[in-house]
Amino acid sequence: MQATIIEQFAAIVGTGNVLTGAEAASYCADWRKQYAASAQCVARPGTTEEVAQVVRLAAAQRLAIVPQGGNTGLCGGSVPTGTRPEIVVSLSRMNRVRSVDALNNTLTAEAGCVLAELQRTAAAHERLFPLSLGAEGSCQIGGNLSTNAGGVNVLRYGNTRDLTLGLEVVLPDGRVWNGLRGLRKDNTGYDLKQLFVGAEGTLGIITAAVLKLYPLPSASATAWIAVESPARAVELLAALRSACGDRLSAFELISRHCVEAVLAHRPGTRDPLAERSDWYVLAELTDTGEQAALAVMVERALDDCAQRRLVRDVALAASQAQSAALWQIRESIPEAQFKNVKHDVSVPVSLVPEFIARAGIALDAVFPGTAVFCFGHVGDGNLHYNIGDAALVAKASEVNRIVYGSVAALGGSISAEHGLGQLKREEIRHHKSALEMELMQRIKQAFDPQDLMNPGKVL
Ligand code: FAD
Ligand code: ZN
């Protein structure tokens, strides 16, 4: 008797690693529960060779493949679409750090390694893996690579793309490309690895990566700063970078609305400053030298900025616990306003204040008095710009037109961090030229002529 397709997948990955029905449900709905559709099964391969065999079997059966990491993505990229027979390939069992080369400042990890685990591994070797984001306890490096994740340290260390030296990828035909090179210089033609970074699983399955490490900081300073306006925040950014150089590793803008939402959502949270301000900055500086030396430098720089009226008031963390409490406020903002109309946009850093003013005026004209939760990585020109409450979600497309209109007017991007997935797949056509879309289609066609890899996402 011929084996069923489920039995054939089980023969590759083991019976316990093919999930169907209720067992598969959590893999088939996204983190925000905006997208859910069933799959034929969820396969959980444990090795690159198993991934390759799963892909070959799926290709032979014309089953579309949805790669999945921690399933924390925010645009429906990691779950089935329900429009054709699909399987989810979860990388979570591929969670080995293959090697650490401290002298080369690199770490080679499998795709299913949870980001926080990689940070800990690097620290155990007295190195820093600087990628850091709110979902770091659940998201996996394969997902970070596939979304080119950003987070709070991009200002200093770049995004995931900048941290990637090499990749191992299972291609849509089941062949394995071993590009696990730990080279900082390699000018030998097209940089193929960068095509897979940010591809959201549409070109192949990343199974391992060589990642850059940095010196582990021994000193840090965390400042919660009240500023008069976003314009002052951007000037403050420039002033702090001049005074402290690359020590400035994070610079987050936070509106009062966001603070209020966190205070309501997390009882017991302490408002860091007695006097209210419409805008705050959370800045983090780190160094490899003495703690006292960094503290003196930061205090001097902030004093100087206060004299120039760039700073209204400051709370400087006096301990790790205080620093963690300040970051807790920042990290709690997404969950404190869970359901509303969300945007993840970027403009040139210098135009951040103009974007906030422009979009705010345009929104208020159509939806008077609607709350705007504006926060994010202003050091990278990237704002999370979330509007209203659950009731406004029905009018999301009207809100999007207004926000994306302001983004377009300032030469910005409609997705600075989270990617396109299913959520912005249609929208992006209004923002890229026909030529750019055609080039992306041709790359997709070259890698995946049968359209098996995560169809219905990105393109
Ligand atoms: P998944 O959600 O599982 O997958 C994301 C995409 O990558 C999907 O298209 C999937 O098909 C594909 N994929 C996953 N693994 C592979 C693989 N091995 N090979 C090929 N394709 C693959 N993002 C930021 O950039 N910055 C932030 O600051 C940030 N903060 C967040 C805070 C919270 C609270 C949450 C919930 C999310 C946040 N995100 C942020 C979004 C999300 O965490 C990132 O997009 C993250 O990189 C996704 O990783 P993941 O392992 O969960 O990937
Ligand atoms: Zn972010």
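Quick summary incoming for the structure in this document. (Residues numbered from 1 in each chain as written. Chains lettered and ligands numbered in written order. Predicted model: local features only at pLDDT ≥ 70, side-chain atom pairs only at ≥ 80, totals over all residues. Heavy atoms only, no water.)

A word on the side chain of Asp287. Looking at the element boundaries, Asp287 is found in strand β14 (residues 279–287). A polar contact of 2.8 Å, which involves the side chain of Asp287, links it to the side chain of Arg247. The contacts of Asp287, once residues within four sequence positions are left out, are Pro217, Ser218, Ala219, Arg247 and Leu294. (Helix = DSSP H or I, 4+ residues; strand = E, 2+ residues; numbered from the N terminus. Polar contact = N/O pair within 3.5 Å; in protein donor to acceptor, adjacent residues only side chain to side chain. Contact = heavy atoms within 4.5 Å.)

Donor atoms from the polypeptide that coordinate the zinc ion (ligand 2) comprise His377 (NE2), His384 (NE2) and Glu417 (OE), at 2.1 to 2.2 Å from the metal. Of note, the zinc ion (ligand 2) draws all its donor residues from one chain, in the sequence arrangement H-x6-H-x32-E. On the basis of relative accessible area, His377 is assigned to the buried category, the value being 3%. We classify His384 as buried; its relative accessible area is 7%. (Donors = N, O, S within 2.8 Å, 3.2 Å for Na, K, Ca; no water. Buried < 20%, exposed > 50% of the residue type's maximum accessible area, 1.4 Å probe, protein only.)

Here we come to the pairing of strand β6 (residues 106–110). In terms of burial, β6 is a largely internal element, 5 of the 5 residues being buried. Every second residue of β6 is oriented toward a common face, with Thr106, Thr108 and Glu110 on one face and Leu107 and Ala109 on the other, all of them buried. Sheet topology places strand β5 (residues 97–101) next to β6; 4 bridges connect them, and they run antiparallel. Looking across to β6, one finds that Asp101 is bridged to Thr106. Remark: 4 residues form the turn of the hairpin made by β5 and β6, two consecutive strands paired antiparallel; Asn105 in that turn has positive phi of roughly 55 degrees. (Pairing = 2+ DSSP bridges.)

Turning our attention to unusual backbone geometry. Despite not being glycine, Asn105 shows a phi value in the positive range, around 55 degrees. Structurally, Asn105 can be placed in the loop between β5 and β6. Positive phi, normally seen in glycine, also occurs at Asn454, with a value near 45 degrees. Structurally, Asn454 can be placed in the segment after α14 (434–447). According to the relative accessible area criterion, Asn454 is buried, its value standing at 1%.

All right, on to the packing of aromatic side chains then. Following the criterion strictly, the structure yields 6 aromatic pairs and no others. Centre to centre, the rings of Trp31 and Phe338 are 5.6 Å apart; their planes meet at 55 degrees, and the pair counts as tilted. Taken together, the residues span a long stretch of sequence, with Trp31 in the loop between α2 (21–24) and β2 (41–43) and Phe338 in the loop between α11 (320–336) and β16 (344–346) at a distance of 307 residues. Overall, Trp31 belongs to the partly exposed group, its relative accessible area being 42%. The class of Phe338 is partly exposed, set by a relative accessible area of 38%. A centroid spacing of 4.9 Å and a plane angle of 65 degrees characterise the contact between Tyr157 and Tyr214, whose relative ring orientation is edge-to-face. In this pair, Tyr157 sits in helix α6 (residues 154–157) while Tyr214 sits in strand β11 (residues 214–215), placing the two residues 57 residues apart along the sequence. Assessed through its relative accessible area of 9%, Tyr157 is described here as buried. A residue is classified by how much of its surface remains accessible, and Tyr214, at 22% relative accessible area, is partly exposed. (Phe/Tyr/Trp six-rings, centres within 6.5 Å; stacked < 30°, edge-to-face > 60°.)

The set of residues buried in helix α9 (residues 256–265) consists of Arg256, Cys258, Val259, Ala261 and Val262. On its buried face, α9 is in contact with β12 (219–227), β13 (248–255), β14, α11 and β17 (372–377).

What surrounds ligand 1 is a group of 35 residues, the closest being Pro67, Gly69, Gly70, Thr72 and Gly73. Within the backbone of Gln140, one N or O atom sits 2.8 Å away from an oxygen atom of ligand 1. Within the side chain of Glu417, one N or O atom sits 3.0 Å away from a nitrogen atom of ligand 1. With the chains in place, 95% of the 980 Å² that ligand 1 exposes on its own is no longer accessible. Mapped onto the shell around ligand 1, the elements with two or more residues apiece are β3 (64–68), α5 (141–147) and β10 (205–212). The greatest single-element share of the shell around ligand 1, amounting to 5 residues, is contributed by α5. Class assignment for the residues of the shell around ligand 1 results in 11 nonpolar, 22 polar and 2 charged. (Near = heavy atom within 4 Å. Areas by Shrake-Rupley, 256 points an atom, 1.4 Å probe, with all protein chains shown as cover. Nonpolar A, V, L, I, M, F, W, Y, C, P; charged D, E, K, R; others polar.)

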